[in-house]
Each structure stands twice: as structure tokens, then as C-alpha cells.
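Structural characterization, general
As a plain string of letters, each chain reads:
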Amino acid sequence: MKILIAEDELVSRRLLERHLERWGHEVAAVSNGAEAWELYQAGEFRIVISDWMMPQMDGLELIRRIRAQHHSGYVYAILLTSKSQKEDIVAGMEAGADDFLTKPFDRDELRVRLRAGQRVVELEGALLSSLQDLERARQREVEIGARIQQTLLLGHPPRDLPGVQVAALTVPSQQIDGDFYDFFVHHDQCLDVVVGDVMGKGVPAALLGAAIKSHFLRALSQLISLLDRGKLPEPEELVRLVHDDVTREFIGLEFFATLCYARFDPPRGRVDFVDCGHTKTIHLRQRTGEIEMLAGENTPLGVSEREVYRQVSAPFEAGDLFFFYSDGLTEAQNGAGEFFGEEQLVDFLRDNATLEPQALIQKVHAAVVDFSHSESLKDDLTCVAVRIGDDCGERPVAHDEMEVPSDLAHLPGVRAFVRRFCRERLAPGLSEQGTDQLELAVAEATSNIIRHAYHGRSDRRVQLTADAFDDRVVIQMCHEGEAFDLTTVQAPAFDGSREGGFGVYIIAQSVDEVRYFRDDSGKNCVRLVKRRNTSKEERQWK
Amino acid sequence: MEMTTEKVGEVTVVELRGEQLDASNVMDFKRDIAPVLEANSRVVFDLSHLRFVDSSGLGAILSCLRRLNGAGGELKLCGLAKPVRALFELVRMHKIFDIYPTRDEAVRSLHA
């Protein structure tokens, strides 16, 4: 063991040096406190034996300085003293000395006192090393958990589905949670989304989450092979089968899992879901702006073997948004210990309803980070956003597109594109009046894009797509300019006192639906829907 | 923007020759109409060639009305095609402007 000796009396120093070296220690000996302090800082001494009274720096000061420094390991300090009064011992211990040796010292006493010190230093070293082992093991568990999460717990959101857009996000916390999600795409445009959360933390929770997820996949293939060709097993049948498979084991392991299994059927405009005690899914209706919370009445998986899982249905329309999330989101806390909360989440979604799923969940994440003032969350944050496609996956009967430079001189060309599409490509065509109105709305919207989104720059592009369905014509304009901010629009002055401000009003009055949004590629879009043979089209302007 | 002006007694009739008055040509219109409004106080816009007017075209015509009214003059409109008339009605400008079916009626109203 490396030992530092600080002793100004030559005989005493030599004696100490000789004894300690003979006992196998590595010894450095100096004759005053200042030198000792210098040497101490340079080398890693585990035991310091210092005389009390020394020139330049005394033993008390030396020990005080040693204690004030931060070390990786403990340093055992023995004070040599010719004093043995009680108050001296108190002063020495207050400075940080562990033990005392009275001069002239006895060889045997030195040996046993040294051995005691050695034991303390060794014990402390062993403790430190097992703490480090533990920390390494914990770190490894986190890494394993993260790997389980990425590879086994989280499915990949499907892309390019005709009827729905999906995006998912997981932000892992310092601990491992059992959050999981998966997606199953079926041939008839149906999409199944399963999101869940195993209660508990660590590798066991992650493994059980992975197990449930794979049980669903197995249940799906099992039931599909049992049913008639082409028929899909109902969500409640799937949940019941998984429940039969796992609940007994879960009860035995004293784990349970909340989850929601939802099937989106865009052509039929409805979602069937089984809610097993999961956080309530938020349904934002695009047309009316209303919010509904989807919740069933079933208990989590792994609670009761007798539970009978039942599905619930809810209708939806084109453009509706569904938001699934783990409680790590709503229970994110700020410095004052307040939760982010369901209410704030709902308000947030309402305010950002025009964003497409990918942009939306990123913004949700940013909002939670902002709220909690921290990038590292206590629980995993998981969310899945599902946006029903504007046309519910319906195929248009006619489609056309054009791209024009962002130059007002091209407006007549844009209008001609709309007229041609509505009058010549469609049979029967859109009514004359309906065509006039759609043409006007598209011209206004395009001119807004060029003048405001592009600030009059004529070297950019505007893309137009036209789609016709049995009951409506949809024109969409996309651009890479600034997003449109409806809140800055002034109401029109019908008394003729102001010349501007009519554009947005005209658009809203001329078509049945207007939607401003950002698409998945980051372009800002305006979408205009003109219904055929509706009251608005038939209405005679007075 | 192409336009012809014709004096009928005290009244100046401006016939807009283009098919549209919209954001694509409204700047030209404003530039070309300014000297006409400067020199005349009783004006009729004959819009019968126009098939399309948008909000900026409407705003420009509105600005002509305010300018003339401000200088004690008058502006009448005539010959609005169906979609143009529909736009005026949509933003209730048919209540702000005096609109006549024909040029003669518009001119007569200013001579009365």
C-alpha cells in the first residue's frame, strides 16, 4: 500500500520508513507539511501518517486539506503526537484524522493501528468496486431494454396506405418501460393498431410487452386461417384469444398490461376497438372540431381470467384524427410536480389539428419537453397518431394535376385547368354555377399562395391536383412557402370601406370545405372540396 | 390592360376589353384607369367582356368608386356577366354599386 510519511524529526521519520518498508509498503517520507501536501497531490496515497507539529504546514492543516479534496477512494490518516490530552484528540478528529499514535511509538502498536487503517481502505475499495459493478449491470440492463424496445416492442408505422396516415413516436426514459405498439395492414384497407403498456419497469416488463405483441400476431394468423377466406377476425376475438394465452401467466408473474386494439375501416367510416384499461384514445373530428374520448369498460390483461373482452364502435369521417398515447405523456411532470395532463393534451391537439401525423407527434414531443423542462423523462413517452385520409381511401373517378410557376400571370391557366377538369373530364360535369364557384375559389387560393406564402416571388412552384368522386370534386394546392395564418385575416368590409380582405371569405363561401394543412413532405397545402348537387351549389345568390 | 373610352355627352364610358380582371392584370388596370379617373367625374364601366373577376379585381373597381365619389364624381357599372354578378352579390357589393343591365341605362342614369 502507498503510504506518505510527514515527520520533521529525522530519527522518527527513518524508523517509520524502515518499519513500513519492511512490512512491504511503498513509502514516501518528507520532513514538513508543505512538501507532504505537494507529494500527496502528485501520487495516490491510501494512508498518510503525519506528525502534528511541523514547520511550514502542521499535520492538522495537511489532513484538513486532504479531506477537503475529492478522491476516488478513502485516505486513512494517522496523526503522530506527543500530546495525549482529550482536547487535542478532539481537534485532530475534527480535522479528519482517523487514528493517533503517541510518540515515541511502539513498533507493535504501529503495526496494529496500520492494519486497522489498511482494512478500512481495502473495505472501502471493495465497496466502491461493487457499486461500479452494479452501475455497469444497471446500464447494461438499460441497453438491453432499449434494444428489446427497438427490436421487439415497436412495430413500424405503415406508409402509403390509401385511407389513413400513421405516425408513431417513442422517447425512451432512463428506465425501461413495457410500452409497445404494432400495426397490421389488411387487404381491404383496414388497419389494426395495437398500443399497450406493461405495468412495471425493467427487462421483465419489456419482455412481457414483446410477448403480448407477438401473441397478437399469432392470434391474428391463427384466426385468419380458421375463418373463411377473406374474413377478418374481429378485434374482440383477437383480444380474447391473447387473453386466454397470457392472463394466467401474467397473474402468476404479478404483472398486467393495459392496451387498446383498434381497427380502422375507412371505407365503412368506423373504428372498432377493445379498450383494456388503456389511456383514453382521443378522437378529434375534423369537420366539427369536436373531441371525443374513446374508452371501453374492460380491465387490463392479466387481471382476471374471467374477464370477457368486448369491442366498441365509433364512426369517423374523412380528415378525423385519432391519438393513442401512454401515460408517460400525460404524466410527464414539470418542476412544480404538475402533470402535463389529458386536458392540456386535448387542447394541444385541437390547436394543432391541421398538422399531419408525423409533424403532429413531433410537436407533441416538443411540447412535453418544454413543459417538463427536461429531455430525459421519468417514463417512456409513446404516442401513435392516425389520420383518416381525406377521401377515406376512396378512389377518384378522375384525376389530373398541373404545376405552375408562382407567377400571377399564370392564374388564367390555373382557372382553365379547373374548368377543363370540371366540365370536360367529368360526365356529367359539375354544374356551370358550381364550376364558376370552384374556379373562383381556386383562383383566390392560388393568388394568396403567390402573394402571401411566397411573398410575390415568381420563381417558385405551386402544385395543383384535381380529383373527382361521385359526390364531390377536390382541388388541392401545395407549395413550399409560408403556412397560411388564418388568425391574421381581417373580416371583409361589406360596406365598401376597404378594398381588400375578401379573398378568404370568398373561398369559404364558394366551396363546401376548406382545409389548410402541412403534408407529410412538409409542404403547406390548401384543400378545397366542392360537393355536387348540394344546397350550396343549388342555392341562388340573391 | 386594354380598354376603350368614349364620351357620351357628359359621361365617359370605359369598356374593359379583357376577359378577366384579376390578380394577373389588376396592376395594369389600376395604372391605365388612373388618368381616366383624373380627367372625368361621371364614369360608366362597361364590364360586358369580362368573364371573370376575383377579389383583387373587385377591390380595384371599388377603389375607382371611392376615388370618384371622393372627388364628387360618380361611377356606374353595366353589363355584368353571370359569374361576375355572382361575385358582386357574394360580397354584397351589388348594394354598394349602381349596376345597370345595359350601357344605355347606365349612361341615362348619369344624365338625369
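The structure under discussion appears in the preceding block.
**So, the overall build of chain A**
- In terms of helices and strands, chain A carries 14 helices and 20 strands.
- A buried classification covers 51% of the 542 residues belonging to chain A.
- The contacts in chain A between residues at least 6 apart in sequence include a share of 68% that link residues at least 24 apart.
- Taken as a whole, chain A presents about 25800 Å² of accessible surface, with 49% of it coming from carbon and sulfur.

**Looking at the packing of aromatic side chains**
Residues and elements named next belong to chain A.
- Under the defined criterion, the tally for this structure stands at 13 aromatic pairs over all chains.
- A centroid spacing of 5.9 Å and a plane angle of 15° characterise the contact between Trp 37 and Tyr 40, whose relative ring orientation is stacked. Taken together, the positions of Trp 37 and Tyr 40, both in helix H2 (residues 33-42) and 3 residues apart, correspond to about one turn of that helix.
- Ring centres 4.6 Å apart and planes at 25° place the aromatic pair Phe 484 and Tyr 516 in the stacked group. One end of the pair, Phe 484, is in the loop between strand E18 (472-479) and helix H13 (503-510); the other, Tyr 516, is in strand E19 (residues 513-518), and 32 residues separate them in sequence.
- Relative accessible area serves as the criterion here: at 29%, Phe 484 is assigned to the partly exposed category.
- For Tyr 516, a relative accessible area of 15% puts it in the buried group.
- Among the aromatic residues, ring-to-ring pairing joins Phe 264, Phe 316, Phe 322 and Phe 324 into one connected group.
- Above the face of the Phe 45 ring, Lys 2 is positioned so that its terminal group lies 4.8 Å from the ring centre.

**Comments concerning helix H1 (residues 26-39) of chain B**
Residues and elements named next belong to chain B.
- For H1, built from 14 residues, the straight-helix expectation of 20 Å at 1.5 Å per residue is met to within 8% by its first-to-last C-alpha distance of 20 Å.
- Of all the bends in H1, the largest measures some 30° and sits at Ile 33, one to four residues before the proline Pro 35.
- For H1, the complete set of buried residues consists of Val 26, Phe 29, Ile 33, Val 36 and Leu 37.
- The elements touched by buried residues of H1 are strand E1 (3-8), strand E2 (11-16), strand E3 (20-21), strand E4 (42-46) and helix H2 (55-70).

**Description of the layout of surface pockets**
Residues and elements named next belong to chain A.
- Its volume calculated, the second largest pocket comes out at about 990 Å³.
- In this structure, the second largest pocket is lined by 38 residues; those nearest its centre are Leu 161, Pro 162, Gln 165, Asp 390 and Gln 476.
- By residue number, the principal contributor to the lining of the second largest pocket is strand E6 (residues 164-171), which donates 5 residues.
- When the residues that make up the lining of the second largest pocket are grouped by side-chain class, the tally is 16 nonpolar, 10 polar and 12 charged.

**A closer look at the interface of chain A and chain B**
- Contacts between the two partners involve 27 residues from chain A and, on the opposite side, 24 residues from chain B.
- Counting the surface lost from both chain A and chain B, the interface buries some 2100 Å², and carbon and sulfur atoms represent 64% of this.
- At the junction of chain A with chain B, the criterion picks out 2 salt bridges.
- The residue B:Arg66 makes a salt bridge to A:Glu499 at a minimum N-O spacing of 3.2 Å.
- Linking chain A with chain B are 5 residue pairs in polar contact (both at pLDDT 80 or more).
- Elements with a minimum of two residues in the side of chain A that touches chain B: helix H11 (411-425), helix H12 (432-453) and H13 of chain A.

**Describing a nonpolar patch on the surface**
- A cluster of nonpolar residues, A:Leu10, A:Val11 and A:Leu15, forms a patch on the protein surface that exposes about 270 Å² of accessible area.
- Note that A:Val11 resides in helix H1 (residues 10-22).

**Points about a negative patch on the surface**
All names here are of chain A.
- Residues Glu 342, Glu 343, Asp 347 and Asp 351 make up a contiguous surface patch of negative charge.
- Tracing the backbone shows Asp 351 in helix H9 (residues 342-351).
- The exposure class assigned to Asp 351 is exposed, which follows from its relative accessible area of 63%.

**Considering unusual backbone geometry**
All names here are of chain A.
- For the bond from Lys 103 to Pro 104, the omega torsion is -5°, close enough to zero to count as cis.
- Mapped onto the elements, Pro 104 comes out in the loop between strand E5 (99-102) and helix H5 (107-153).
- Backbone geometry at Gln 56 places phi at a positive 70°, although glycine is not the residue there.
- Gln 56 sits in the exposed class, given a relative accessible area of 70%.

Scoring rules and cut-offs
- Residues numbered from 1 in each chain as written.
- Chains lettered and ligands numbered in written order.
- Predicted model: local features only at pLDDT ≥ 70, side-chain atom pairs only at ≥ 80, totals over all residues.
- Heavy atoms only, no water.
- Helix = DSSP H or I, 4+ residues; strand = E, 2+ residues; numbered from the N terminus.
- Buried < 20%, exposed > 50% of the residue type's maximum accessible area, 1.4 Å probe, protein only.
- Contact = heavy atoms within 4.5 Å.
- Areas by Shrake-Rupley, 256 points an atom, 1.4 Å probe, with all protein chains shown as cover.
- Phe/Tyr/Trp six-rings, centres within 6.5 Å; stacked < 30°, edge-to-face > 60°.
- Lys NZ or Arg CZ within 6 Å of the ring centre and 35° of its normal.
- Expected span 1.5 Å × (residues − 1).
- Bend = angle between axes of the 7 residues up to and from the residue.
- 1 Å grid on protein atoms, 1.4 Å probe; cavity = no way out; pocket = protein on both sides within 12 Å on 5 of 7 lines; lining within 4 Å.
- Points joined across faces, edges and corners; volume = space filled by probe spheres on them.
- Nonpolar A, V, L, I, M, F, W, Y, C, P; charged D, E, K, R; others polar.
- Buried area = accessible area lost by both parts, 1.4 Å probe.
- Salt bridge = Lys/Arg side-chain N within 4 Å of Asp/Glu carboxyl O.
- Polar contact = N/O pair within 3.5 Å; in protein donor to acceptor, adjacent residues only side chain to side chain.
- Patch = residues over 30% accessible without salt bridge, like charges linked within 9 Å, V, L, I, M, F, W, Y side chains within 5 Å.
- Lys, Arg positive; Asp, Glu negative; His and termini not counted.
- Charge placed at Lys NZ, Arg CZ, Asp CG, Glu CD.

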